[in-house]
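In case you want the letters, here they are:
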Amino acid sequence: MNVTSTQPARILVGVSGGIAAYKAVALVRRLVEAGCEVRVVMTEAATRFVTPLSFQAVSGHPVRTTLLDAEAESGMDHIALARWSDAVVVAPASADLMARLANGLADDLLTTLCLATSAPVHLAPTMNRQMWAHPATQANRARLVEHGVTLLGPAAGAQACGETGEGRMLEPEAIVAALLVGARQDLAGRHVVVTAGGTREPIDPVRFIANRSSGRMGFALAAEAVRRGAAVTLIAGPSALPTPTGVERVDVETARQMQAAVESIASMDIFVGAAAVADYRVAAPADRKLKKSGETLSLELVPNPDIIREVASRTDRPFVIGFAAETDHLREHAAAKREAKGMDLICANEVGADKGFDRPDNALLLLWGDGERELPQADKRHLAGEIFDTYHQITQD
Ligand code: PMT
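Residue numbering note: each chain is counted from 1, following its sequence as written. Local features in a predicted model are, by the rule used here, given only for residues with pLDDT of at least 70; side-chain atom pairs are given and counted only at 80 or more, and totals for whole chains, interfaces and linings are based on all residues. Values shown for side chains rest on all heavy atoms present in the structure; no hydrogens or waters enter the calculation.

1. Concerning the overall build of the chain
When you go through the chain residue by residue, the secondary structure sums to 14 helices and 20 strands. In summary, the chain has a C-alpha radius of gyration of 23 Å against a globular reference of 21 Å for 397 residues, a match within 12%. Taken along its principal axes, the extent of the C-alpha atoms in the chain is 75 × 50 × 35 Å. In this scheme, a residue with accessible area under 20% of its type's maximum is buried, one over 50% is exposed, and one in between is partly exposed, where area comes from a 1.4 Å probe on protein chains only. Each of the 397 residues in the chain was classed as buried or not, and the buried ones make up 49%. Sequence separation of at least 24 residues holds for 66% of the intrachain contacts in the chain that already meet a minimum separation of 6. Reported accessibility uses the Shrake-Rupley method at a 1.4 Å probe radius. Residues are deemed covered only where the shown protein chains occlude them. Entry remark: accessible area of the chain is about 18,600 Å², with carbon and sulfur atoms responsible for 51%. Counting 40 positive and 48 negative side-chain charges, the chain places the centres of these two groups 2 Å from one another. Numbering of helices and strands runs from the N terminus; a helix is a DSSP stretch of H or I covering at least four residues, while a strand is a stretch of E covering at least two. C-alpha atoms define the radius of gyration, and 2.2 Å times the number of residues to the power 0.38 defines the globule rule. Residue contacts are counted whenever heavy atoms from the two residues lie within 4.5 Å of one another. Within this scheme the basic residues Lys and Arg register as positive and the acidic residues Asp and Glu register as negative, but His and the chain ends are omitted. A single reference atom marks each charge: NZ on Lys, CZ on Arg, CG on Asp, CD on Glu.

Printed below as a string of structure tokens:
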């Protein structure tokens, strides 16, 4: 087991073309003053309003403007930059940038990064009020929200074009507050424990039984809980995902290690079982690599402990949120699972080829004592927020 420590927030600031680009310089300064590490990426149009040198001076790092820059790519390439970020904020976000992102275009460095990152993406839209109100922009806005993007603003007021209305970029201080403090601190003072990813059950020293879970759902829940002010412990099966800022991560491999890690936490307010825990393990894993004999090979499997059931039966039990991964009869199986394992809330998802596992998005059916809620296909980061909103709805606090 290995516990990863927390680091300063790493924020990627994207700047697209617009008169408000000058305000992005103040935004970067405020983020640096708040202790963040900041990297800036500008679109070609943005460089006509403010020079990259201004952003380099305030961020302390060279500014990237093109995707195919061999020299820059030999340092931190664009995929490494996407992975490096804890959060991406595009300010100002022009109508054109929103349209390109809503349609999944990756025709410059900034849009490519927004597609390639697993970090939350925030946009601070800025444009003339008519452009903002146009049905095409509003459709793009709705689509981006569906994809899990968070919109910060726009604000209303006097515009650079001389008109007055909705379309002004939020002030840098408001963007910093939304990014660093989180929209709501409604989990402040709570300890949230999240399990994520799949487990590996060894067959011999080099082979194991595993599943397709990437950890995305659990990591998104951990990041969202931190954003809302909780102290978060993330117990993760093998996953390549970066640790969300502010989260204490405990890495495990097997179901029994995951059980031990959960058991060692004496006090928790909310437990979220998003991990795909193997129901069975090999009774006696070989201590040497199994040799091919040409004969049929049988493995004896024994049941693993049920982690979530154990948590739900503690005397001082937390609020328990579990998942149900089903290929059929979603509602019936999930309702029975909730009952059998003693969960307060179950998030049921259909799984199969290209569904549920190892994707950035999902659809969920939430079931609890006397209620239910359908969450249509959306980014897992967006679903994480909806799950905690539902927790508040159920507990009414
Ligand atoms: O990680 P991703 O790629 O983002 O994919 C997300 C997901 C599909 C893994 C996630 O949405 C999900 O469904 N997670 C639960 C998967 C699962 O194992 O479901 P289950 O129906 O087998 O288990 C029901 C519940 O019991 C789950 O909360 C599970 O964590 C828990 N469990 C199961 C077995 C066990 N031995 N101990 C447990 O705690």
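2. Structural notes on the pairing of strand β14 (residues 270-273)
Judged by which residues are buried, β14 turns out to be covered on both faces: Ile270 and Val272 on one side and Phe271 and Gly273 on the other are all buried. Across four bridges, strand β9 (residues 191-196) lies against β14 in parallel orientation. Note that in β14 the partner of Val192 across the bridge is Ile270. Strands are labelled as partners when DSSP assigns at least two bridges between them.

3. Quick word on the domain arrangement of the chain
Put simply, an interface is often sized by how much accessible area is lost when its parts join up. Note that the domain bounds reflect an automated or database-derived domain assignment. For the chain, the domain assignment lists domain 1 (10-183) and domain 2 (185-287 + 296-396). Taking only C-alpha atoms into account, the centre of domain 1 sits 33 Å from that of domain 2. Listed per partner, the contact involves 15 residues of domain 1 and 10 residues of domain 2. Across the domain 1/domain 2 interface, buried area totals approximately 970 Å², and carbon plus sulfur atoms make up 43% of it. Salt bridge, as used here, is a side-chain nitrogen of Lys or Arg placed within 4 Å of a carboxyl oxygen of Asp or Glu. At the junction of domain 1 with domain 2, the criterion picks out zero salt bridges. Each polar contact in these results corresponds to two N or O atoms within 3.5 Å; when the atoms are within protein, one needs to be able to donate a hydrogen and the other to accept it, and residues that are neighboring in sequence are counted only if both atoms are side-chain atoms. Inspection of the region where domain 1 meets domain 2 yields three residue pairs in polar contact (both at pLDDT 80 or more). Of the residues assigned to the side of domain 1 that touches domain 2, the class counts are seven nonpolar, five polar and three charged. In short, buried area is how much 1.4 Å probe accessible area vanishes from two parts on joining, totalled over both. For this classification, Asp, Glu, Lys and Arg are treated as charged, while Ala, Val, Leu, Ile, Met, Phe, Trp, Tyr, Cys and Pro are nonpolar and the rest, including Gly, are polar.

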